[in-house]
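Examining the three-dimensional arrangement
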Number of protein chains: 2
Amino acid sequence: MGRRTPGSAPTLSDVAQHAGVSLATASRAINGSQTRVVGEELRERVLASARALGYAPDANAQAMARGTTRAVGVIVHDLTDPYFAAVADAMSRAATERDLFLTLATTGNHVEHLAEVVAQLDTLRVRAIVLVGGRWKANQPTADLLSAVDRYVSRGGRVVTIGMEVPGVDSVNVDSEDGARQLARHLHRLGYRSPLILSGPELHSTAVTRSAAFVRALADEGIAVHPDHLISSDFTRTGGAIAMRMALEAGVDVDVAIAMNDVMALGAMAEARANGVAVPQELAFTGFGDIPSLQDVIPSLTTVHIPSSSLATLALNLALDGPGDGTGDVTVPVMLVARDSTPERAG
Amino acid sequence: MGRRTPGSAPTLSDVAQHAGVSLATASRAINGSQTRVVGEELRERVLASARALGYAPDANAQAMARGTTRAVGVIVHDLTDPYFAAVADAMSRAATERDLFLTLATTGNHVEHLAEVVAQLDTLRVRAIVLVGGRWKANQPTADLLSAVDRYVSRGGRVVTIGMEVPGVDSVNVDSEDGARQLARHLHRLGYRSPLILSGPELHSTAVTRSAAFVRALADEGIAVHPDHLISSDFTRTGGAIAMRMALEAGVDVDVAIAMNDVMALGAMAEARANGVAVPQELAFTGFGDIPSLQDVIPSLTTVHIPSSSLATLALNLALDGPGDGTGDVTVPVMLVARDSTPERAG
DNA sequence: TTGTATGCGTTATCAT
DNA sequence: ATGATAACGCATACAA
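Numbering of residues begins from 1 in every chain and follows the order in which that chain's sequence is written. Think of it this way: whatever chain is written first is A, whatever ligand is written first is 1, and the rest follow in order. With the structure being a predicted model, the display of local features is reserved for residues of pLDDT at least 70 and the display and counting of side-chain atom pairs for 80 or more, all residues being used for whole-chain, interface and lining totals. Note that the side-chain values use all heavy atoms of the structure and ignore hydrogens as well as water.

1. As for the pattern of salt bridges
Residue and element names in this part refer to chain A. Formally: Note on definitions: salt bridges are taken to be side-chain nitrogens of Lys or Arg within 4 Å of carboxyl oxygens of Asp or Glu. For helices the rule is a DSSP run of H or I covering at least 4 residues; for strands it is a run of E covering at least 2, with both sets numbered from the N terminus onward. Remark: exposure states derive from per-residue accessible area (1.4 Å probe, protein chains only) relative to the maximum for the residue type, with buried under 20%, exposed over 50%, and partly exposed in between.
Enumeration over the complete set of coordinates arrives at 30 salt bridges over all chains. Of the charged contacts, one joins D99 and R70 as a salt bridge, the two residues approaching to 2.8 Å between their closest N and O atoms. Taken together, the residues span a long stretch of sequence, with D99 in the loop between α5 (82-97) and β2 (101-106) and R70 in the loop between α4 (59-66) and β1 (71-76) at a distance of 29 residues. Judged by its relative accessible area of 26%, R70 is partly exposed. The closest approach of N and O atoms between R216 and E177, which form a salt bridge, is 2.9 Å. Separated by 39 residues along the polypeptide, R216 in helix α9 (residues 205-220) and E177 in helix α8 (residues 176-190) bring together distant segments of the chain.

Listed below in structure tokens is the structure:
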């Protein structure tokens, strides 16, 4: 067969030679120039040669010659978290749509590696970086991160964050404010009066913002949140469980636990149940995000739907076409999803 | 500030010039050659210049000069599926471990794009491609895919699949055989005697292999599977639900539904319950895979744990260090996880 | 140890 | 319309 020796790859020159044309013509015939056109006959011949040799262009060489790549970088905390998985998946689709490909990086539990990851992507000369925030203990950008972003941007790189504020960087955010309002109104109407708020890490801006939004929204409904009824913990399932345990041990008297995201709610719910609390009769639960696996938990969890797909699409569009100066912030609407974890409460 | 005009990036030449050394010295000082060493003083000066200019190497140029990249390609069906998410996450960690980065591609529902995706990754000259099979309707490699893989391999590329057979390609597989055996034994001991097998697509080799393994394993326990009690459907949650509905409408008399993966089991379980079946008393359920979200479903699902992390690590190692000729197949052990969806059955 | 020069595969700018 | 040829940014064989 036409298999060449391993390690070698047919180059454009090989193709040109095989077709008996110049390198330039081969290039134009295969990857098409915007200015030049190749004659019908030659084009056919070149294409045939390319096929015959099994030619595949070298994207790295193209990147260098063109001065730009077709890669976009995506940074998430942990793909195991359904929220990130959903966003990453949508991002992948959106990228394919625009004929780009994804370089995906996860930071695991190490926020401190964030700057390093950005530098890596910088090295790859990705066209844009989408930084998906949301589960790190703290999401205040460190000096390291800021300078890495700054270097990248100074090279013409584009950055946009999702659910995370970085000075001078465009961002796409969830309308936590409105979500809290919808949920608070719903709970009030159902008869809930003493909420327990399961907040995220105290250093996490989304956690702080969102819980503040809940406190306000509840106040608007005439429901005051007792200071002891706001517990901070990790933005994870375990975090939710721990917060719930703390609440139970403190013997708080509440009728609904409002978690700042779904996984926390699930963790808290499991913990409550494990401690003999009747869910949802004795204690109701709400989440935030509407991750897919929610459809299989019992009772199904009342939550606020975050359209992760538009989140991703908007972020990518913003990254590629936006101003790129931090003035292009976008907020995506959310929607209450009432389910079984918050039954109507008898007075 | 030292911000350069957007679009431009300081190059190694700039650094060399700034430090007053040659290009070669700058290169060696920054990325360290294995043969050459740079004097202490000069190295410092170069590094300082690099820092001062905000220099970041161009990975594309390096790739070209070195003739090799640090990228590995990963192809999954859908990140929204917890199984793929888990594998991809583990892959990301494994890649970081080896100082590589991930180029992630999802095929969505379009198996037919698989060849195209491989060609793309080929273009990028990724060091290796890990193809994670498992949810496509059919996973028989098409001629398109085969030739794309062949071209890539002939260039020195490495391919390994997970849970999918492609001729001449190394693969990492789950020990379905043993998983079926463990589960069958468990079910038999608990008193189950008439199983319903929820299989995957008829064209899907994993589905076929695994259900055959179950039929055998059950037979070994003296349990025969009635032909009508093996239903094929999609490898998805919806597929599971549909299969369950068909079984219910057919009025099958069974005591346990054995799904070929977790999401099918969850879909089937929900469907059964929606149709008034008491779960698990009236009908028990088992899955395969042990995806994380299982901990929040009630009753918790008995399943077979697939160590997705070692799956990913092994695949990557095999891809990078293996023979690369299809003789390096690896099988990873699985483990029964008995939970509440299969209670002991009163004779 | 340091510097010079060449090549990696492609695009783009010139001529022709 | 086609063909030379110069970049692109870096690593390395060779020379000093």
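After that view of the structure, there is still more to cover.
2. With respect to the relation of the copies chain A and chain B
Keep this limit in mind: Alignment of copies: least-squares fit on C-alpha atoms of residues with pLDDT of at least 70 in both copies. Any two residues whose heavy atoms approach within 4.5 Å at even a single point are treated as in contact.
Once chain A is rotated about the relating axis by 180° and shifted along it by 0.1 Å, it coincides with chain B to within an RMSD of 0.1 Å. As the rotation angle and translation indicate, the two copies are arranged about a two-fold axis. Here 100% of the interface residues in chain A have copies in chain B that are interface residues too; the copies meet face to matching face.

3. Here's the deal with the protein's contact with DNA strand D
Selection criterion: Only a single heavy atom is needed: when it lies within 4 Å of a molecule or strand, its residue is near that molecule or strand. Definition of a polar contact: a pair of N or O atoms within 3.5 Å, with one able to donate and the other able to accept a hydrogen when the atoms are protein atoms, and with sequence-neighbouring residues admitted only if both atoms are side-chain atoms.
The environment of DNA strand D is formed by 28 residues, the closest being A:T25, A:R28, A:G39, B:L12 and B:Y55. Sugar and phosphate atoms constitute 58% of the interface atoms of DNA strand D, taking the interface as everything within 4 Å of the protein. A:R28 places a side-chain nitrogen or oxygen 2.7 Å from a base nitrogen of DNA strand D. At a separation of 2.5 Å, a phosphate oxygen of DNA strand D approaches a polar side-chain atom of B:Y55. Within the residue set of the surface near DNA strand D, elements represented by two or more residues are α2 (23-31) and α4 of chain A together with α2 (23-31) and α4 (59-66) of chain B.

4. A word on the packing of α2(A) against helix α3 (residues 40-53) of chain A
Residue and element names in this part refer to chain A. Threshold: Orientation is described by axes fitted as lines to C-alpha atoms, over the contacting stretch for helices, and by angles from 0 to 180 degrees between their N-to-C directions. Angles below 35 degrees are treated as roughly parallel, those above 145 as roughly antiparallel, those between 65 and 115 as roughly perpendicular, and all remaining angles as oblique.
Two numbers describe how α2 lies on α3: the axes approach to 9 Å, and their chain directions differ by 85°. In this view, α2 runs roughly perpendicular relative to α3, as classed from their interaxial angle. Packed against α2, whose contacting residues are T25, A26, A29 and I30, the element α3 presents L42, R43, V46, L47 and A50 at the interface.

5. Describing the interface of chain A and chain B
As a reminder of what qualifies: Think of it as three bins: nonpolar holds Ala, Val, Leu, Ile, Met, Phe, Trp, Tyr, Cys and Pro, charged holds Asp, Glu, Lys and Arg, and polar takes everything else, Gly as well.
Each partner contributes to the interface: chain A provides 55 residues, whereas chain B provides 56 residues. Taken together, chain A and chain B are joined by 6 salt bridges. Between A:D296 and B:R237 there is a salt bridge, with its nearest N and O atoms 2.6 Å apart. Here chain A and chain B share 20 residue pairs in polar contact (both at pLDDT 80 or more) between them. Its residues assigned to classes, the side of chain A that touches chain B comprises 22 nonpolar, 17 polar and 16 charged.

6. Observations concerning the sheet that holds strand β6 (residues 195-199) of chain B
Residue and element names in this part refer to chain B. The criterion, for reference: At least two bridges found by DSSP between two strands is the condition for calling them paired.
Spatial ordering of the open sheet is given by β7-β6-β8-β9, a layout of 4 strands whose pairing is parallel. Single-partner strands in this sheet number two, and they are β7 (230-232) and β9 (284-286). Strand-to-strand twist of the sheet, defined as the mean angle between neighbouring strand axes without regard to direction, takes the value 20°. Alignment of strand β8 (residues 256-259) against β9, held across 3 bridges, turns out to be parallel. Bridge pairing in β9 places I258 opposite T286. Each of β6, β7 and β8 is contacted by helix α9 (residues 205-220), which is oriented at about 165° to β6, the strand it contacts most.

7. Regarding the sheet that holds strand β11 (residues 330-332) of chain A
The 12 strands lie next to each other as β11(A)-β5(A)-β4(A)-β3(A)-β1(A)-β2(A)-β2(B)-β1(B)-β3(B)-β4(B)-β5(B)-β11(B), forming an open sheet whose pairing is mixed. Strands at the two margins of the open sheet, each flanked by one partner only, are β11 of chain A together with β11 (330-332) of chain B. When the angles between neighbouring strand axes are averaged without regard to direction, this sheet yields 20°. Taken together, the 5 bridges between strand β3 (residues 128-132) of chain A and strand β4 (residues 158-162) of chain A define a ladder with parallel strand orientation. Bridge assignment links A:L131 to a residue of β4(A), and that residue is A:T161. Docked against the sheet, helix α7 (residues 143-154) of chain B engages β3 (128-132) and β4 (158-162) of chain B, running at close to 140° with respect to β4(B).

8. Things to note about the domain arrangement of chain A
Residues and elements named next belong to chain A. Put simply, the rule is: Domain limits in this description derive from either an automatic procedure or a database domain assignment. Accessible area that two parts lose when put together, evaluated with a 1.4 Å probe and summed over both, is termed the buried area.
Domain assignment breaks chain A into domain 1 (12-66), domain 2 (71-174 + 308-332) and domain 3 (176-306). Domain 2 and domain 3 are separated by 28 Å when their C-alpha centres are compared. Summing both partners gives a buried area of about 1,200 Å² for domain 2 against domain 3, and 56% of it is carried by carbon and sulfur. Taken as a group, R135, K137 and V174 account for 42% of the area that domain 2 buries against domain 3, more than any other trio of residues on that side. In this assembly, domain 2 and domain 3 are joined by 4 residue pairs in polar contact (both at pLDDT 80 or more).

9. Notes on unusual backbone geometry
Residues and elements named next belong to chain B. Residue P280 follows V279 across a cis peptide bond; omega there is 5°. Mapped onto the secondary structure, P280 falls in the loop between α11 (262-274) and β9. The peptide bond linking I298 to P299 adopts the cis configuration, its omega dihedral lying at -5°. Secondary-structure assignment places P299 in the loop between β9 and β10 (303-305). Backbone geometry places D99, a non-glycine residue, at a positive phi of 60°. Using a relative accessible area of 47% as the deciding quantity, one classes D99 as partly exposed. The phi dihedral of D290 falls on the positive side, at around 65°, and the residue is not glycine. Structurally, D290 can be placed in the loop between β9 and β10. Residue classification places D290 among the buried positions, given a relative accessible area of 18%.

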